[in-house]
Amino acid sequence: MGANHAWVAPGQLIGDWLSAQAHLPQYLEARARVAGAARRVASLSELCSRITQGPNPQYTSNDYPCVITRNVTSDQLQMSGSNWVSAEEFSRLQRFKLQRGDILVTLKGAGSTGKACVFDTDVEAIHSREVGVVRVSDSMLNPRFLCAYFQGRFGRLLFDQGTTGSTGQLTLSTTYLKSFPVPLPDRRIQDYIGAKVELAERCRAAAEDHWQKAVGLFQSLFTWSAPPQFSLTSVPAVAELSGRLDPKYYRREYLDAVREIMACEHGWEPIGDLVAEVSNGVEYRQFCSDGVPYLTVTNVGDGDLDTDGAPRIPVDAPISDRGRIAESDVLVVRTGSIGQAAVVQRDAANAIISSHFIRLRLHKGDLGQGAWLAFFLNTELGKALQFRIAYGAVQPQIGQDELLRLPVPRLKAEVRRALVRGFLSRSALRAHARQLVNEAKADVEALIEGTLDVQAILSGTVKAPTADDIPELVEDGA
């Protein structure tokens, strides 16, 4: 058995805390590594003009967004899903208004504390009590270097060290944040690492621009739009009746969506006509530290697959063919977070999928066809069709047979190519962003571990990537 105790020197005590949890060996080792990483290590309070948690606003009308825990992911800001406050509430809480460049840190909730990202938008917004703000003021510290440090292994360990409370009520206090140790290497080193985070922000902004243009083009072809609320009555035609007897299936808005697709100028086709093979994924729960990615619902979002963040299973795990994916396959979330789909691209083709996905293997098997179907299923129109066929109150699910019957509009070839180009460009830019953030985190870890080639950076031999290194940004003229 391993040792169930550790010796702690007086100088290693964290404030006036006497809890064993805060003084576990891995936390003390992380602090020691950070302390030796640079000539100067300062506390966060010495470098920032503002370190605070937000208020408890009243959520009423949709005038201004309020950033909450779910908007702060492990490497980026996701403004979709924000709570909203009225103009009056926003005015009353002006001192909690966010500024571009602020670092957001999640403060509450099991599994949620210590996530950090840059507020990289000019949107007028405030933050809630569960989200802390760190606003850098000292010229000795690059905010994006700080964010990469927060997101990396050592930052995560020190966040965990300062998290207190019981399961479900875990809290990271701003008092602890103020004493958080920050290594301060030469500003040129910080700028080199911070440039990667900043370039990742540019990639994400360009990706969103590509998506909005593609969606705008698609929506210009249809009059249907997602309603703010559903109507209470509907009169389906006899031909629209099926074996389903639940009222939700026959909501007027869902019927209108289907009718508009079926009235498309160039016709329509059921998903089943595009598909050569359909299957659900597989369940496998024997994870390992190094193996093939095992994709779950948490690894798909906005049409993208994130294999980097997926758990791993052994390479030789006994997985049936239905759990294996290939380039151009379309994955549709079938349970839980309904309304999400992604096309498999080359970098994810060796992954295994969980049983929460339906895998569609297309007849043509080309990436363009898969990207078109994934794009359509991620539009509001495509999501409405999926919500319509979902069944189950507590855990909504989609069945294979009904999915295959969903109608897909036929569009002019040049229009479809433009939509696919926008969809794939967004995917590529988001992949660049993830890679850049991962590189920045790895650089900070290497700096702390003493393996970063500092001299090569200082001499200019090694330079930070720029927009010229991202093909999609070059094409955009960014």
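None of these values were measured; they are calculated from a predicted model.

Q: Requested: an account of the sheet that holds strand β4 (residues 83-85), with residues and values cited.
A: What the three strands build is an open sheet, ordered β4-β3-β7; its pairing is mixed. The open sheet terminates on both sides in strands that have one partner only, identified here as β4 and β7 (126-127). Sheet topology places strand β3 (residues 64-67) next to β4; three bridges connect them, and they run antiparallel. Its bridge partner lying in β4, Pro65 is registered against Trp84.

Q: Let's hear about helix α10 (residues 367-378): which residues, and what values?
A: Its 12 residues place the ends of α10 16 Å apart at the C-alpha level, agreeing with the 16 Å of an ideal helix rising 1.5 Å per residue. Burial within α10 is extensive, with 10 of its 12 residues counted as buried. All buried positions along α10 are accounted for by Gln369, Gly370, Ala371, Trp372, Leu373, Ala374, Phe375, Phe376, Leu377 and Asn378. At the N-terminal boundary of α10, the capping side chain belongs to Asp366, with an oxygen 3.1 Å from the backbone nitrogen of Gly368.

Q: Describe the packing of aromatic side chains, with residues and values.
A: For the structure shown, the criterion picks out 17 aromatic pairs. Centre to centre, the rings of Trp211 and Phe375 are 5.4 Å apart; their planes meet at 65 degrees, and the pair counts as edge-to-face. On the criterion of sequence distance, the pair formed by Trp211 in helix α7 (residues 187-219) and Phe375 in helix α10 is long-range, its members being 164 residues apart. Each member of the pair Trp211 and Phe375 is classed as buried. Here Phe375 and Phe423 contribute two aromatic rings whose centre-to-centre distance is 6.2 Å and whose plane-to-plane angle is 80 degrees, an arrangement assigned as edge-to-face. A residue pair is termed long-range when its members are at least 10 positions apart, and Phe375 in helix α10 and Phe423 in helix α13 (residues 413-449) qualify at 48 residues. Here Phe375 matches Phe423 in class, with each residue buried.

Q: Break down the pattern of salt bridges for me, citing the residues and quoting the values.
A: Taken as a whole and assessed by the stated rule, the structure comprises 26 salt bridges. In this structure, Glu29 engages Arg33 in a salt bridge whose closest nitrogen and oxygen atoms are separated by 3.9 Å. Separated by four residues within a single helix, Glu29 and Arg33 lie in helix α1 (residues 25-35), roughly one turn from each other. The class of Arg33 is partly exposed, set by a relative accessible area of 36%. In this structure, Arg40 engages Glu46 in a salt bridge whose closest nitrogen and oxygen atoms are separated by 3.6 Å. If you follow the salt bridges from partner to partner, you end up with Lys196, Glu439 and Asp443 in one network.

Q: I'd like to hear about unusual backbone geometry, residue by residue, with values.
A: Positioned with a positive phi, Asp302 is a non-glycine residue whose angle comes to about 55 degrees. Among the structural elements, Asp302 can be located in the loop between β15 (300-301) and β16 (304-305). Residue classification places Asp302 among the partly exposed positions, given a relative accessible area of 34%. In the Ramachandran plot, Ser328 falls in the positive-phi region, its phi being about 85 degrees despite a non-glycine side chain. For Ser328, the location among the structural elements is in the loop between β17 (312-313) and β18 (330-333).

Q: Report on the sheet that holds strand β14 (residues 292-295), specifying residues and quantitative values.
A: One open sheet accounts for three strands, arranged β17-β14-β20; its pairing is mixed. Only two strands of the sheet have a single partner each, and these edge strands are β17 and β20 (352-353). By the bridge criterion, two bridges tie β14 to β20 in an arrangement that is parallel. In the sheet register, Tyr294 faces β20, and the bridge partner there is Ile352.

Q: How would you sum up the environment of Glu198? Please name residues and give values.
A: Tracing the backbone shows Glu198 in helix α7. Put simply, Glu198 and Ala433 are 235 residues apart on the chain and 9.3 Å apart in space, counted from C-alpha to C-alpha.

Q: If you had to explain the environment of Thr113 to someone new, which residues and values would you point to?
A: Relative to the elements of secondary structure, Thr113 occurs in the loop between β5 (103-106) and β6 (116-118). For the pair formed by Thr113 and Ser173, sequence separation is 60 residues and the distance between their alpha carbons is 9.9 Å. Setting aside anything within four residues of it in sequence, one finds Thr113 in contact with Thr106, Leu107, Lys108, Arg156, Thr163, Leu170, Thr171 and Leu172.

Q: So, the nonpolar core: which residues are in play, and what are the values?
A: Membership of the largest hydrophobic core comes to 47 residues, with the highest contact counts inside it found for Phe218, Ile271, Leu360, Trp372, Phe375, Phe376 and Leu403. Here this core gets seven residues from one element, more than from any other, and that element is α10. If we skip the residues at most four places from it in the chain, Phe375 touches Trp211, Ala214, Val215, Phe218, Leu419 and Phe423. Membership of the second largest hydrophobic core comes to 45 residues, among which are Leu47, Cys147, Leu184 and Val444.

Q: Any chance you could break down the environment of Asp246 for me, citing the residues and the numbers?
A: Locating Asp246 in the fold gives a position in the loop between α7 and α8 (252-262). Measuring from C-alpha to C-alpha, the distance between Asp246 and Tyr391 comes to 8.9 Å, with 145 residues separating the pair along the chain. Looking at Asp246, its side chain comes within polar contact range of the side chain of Arg244, at 2.9 Å.

Q: Which residues make up the pairing of β14, and what values go with them?
A: Where β14 lies against β17, two bridges are found, and the strand directions are antiparallel. Opposite Pro293, over in β17, you have Arg312 as the bridge partner.

Q: Explain the state of the cysteines residue by residue, including any values.
A: Taken as a whole and assessed by the stated rule, the structure comprises zero disulfides. Distance from the sulfur of Cys203, which forms no disulfide, to the nearest cysteine sulfur (Cys147) is 16 Å. On the basis of relative accessibility, which here comes to 0%, the residue Cys203 falls in the buried class.

Q: Provide a residue-level description of α8, including the pertinent values.
A: Within α8, burial applies to Glu253, Tyr254, Leu255, Ala257, Val258, Glu260 and Ile261. Contacts from the buried residues of α8 go to β12 (268-270), α10, α11 (380-389) and β22 (407-409).

Q: Which residues make up the packing of helix α4 (residues 143-151) against α7, and what are the values?
A: Two elements in contact, α4 and α7, have axes separated by 7 Å at closest approach and are oriented at 85 degrees. On the basis of their axis angle, the class for α4 and α7 is roughly perpendicular. Contacts between α4 and α7 involve Arg144, Phe145 and Ala148 from the former and Gln190, Ile193, Gly194, Val197, Glu198 and Glu201 from the latter.

The rules behind these values
- Residues numbered from 1 in each chain as written.
- Predicted model: local features only at pLDDT ≥ 70, side-chain atom pairs only at ≥ 80, totals over all residues.
- Heavy atoms only, no water.
- Pairing = 2+ DSSP bridges.
- Helix = DSSP H or I, 4+ residues; strand = E, 2+ residues; numbered from the N terminus.
- Expected span 1.5 Å × (residues − 1).
- Buried < 20%, exposed > 50% of the residue type's maximum accessible area, 1.4 Å probe, protein only.
- Polar contact = N/O pair within 3.5 Å; in protein donor to acceptor, adjacent residues only side chain to side chain.
- Phe/Tyr/Trp six-rings, centres within 6.5 Å; stacked < 30°, edge-to-face > 60°.
- Salt bridge = Lys/Arg side-chain N within 4 Å of Asp/Glu carboxyl O.
- Contact = heavy atoms within 4.5 Å.
- Core = buried A, V, L, I, M, F, W, Y, C linked by side-chain atoms within 4.5 Å.
- Disulfide = S-S within 2.5 Å.
- Axes fitted to C-alpha atoms, helices over the stretch in contact; angles between N-to-C directions.
- Parallel < 35°, antiparallel > 145°, perpendicular 65-115°, else oblique.

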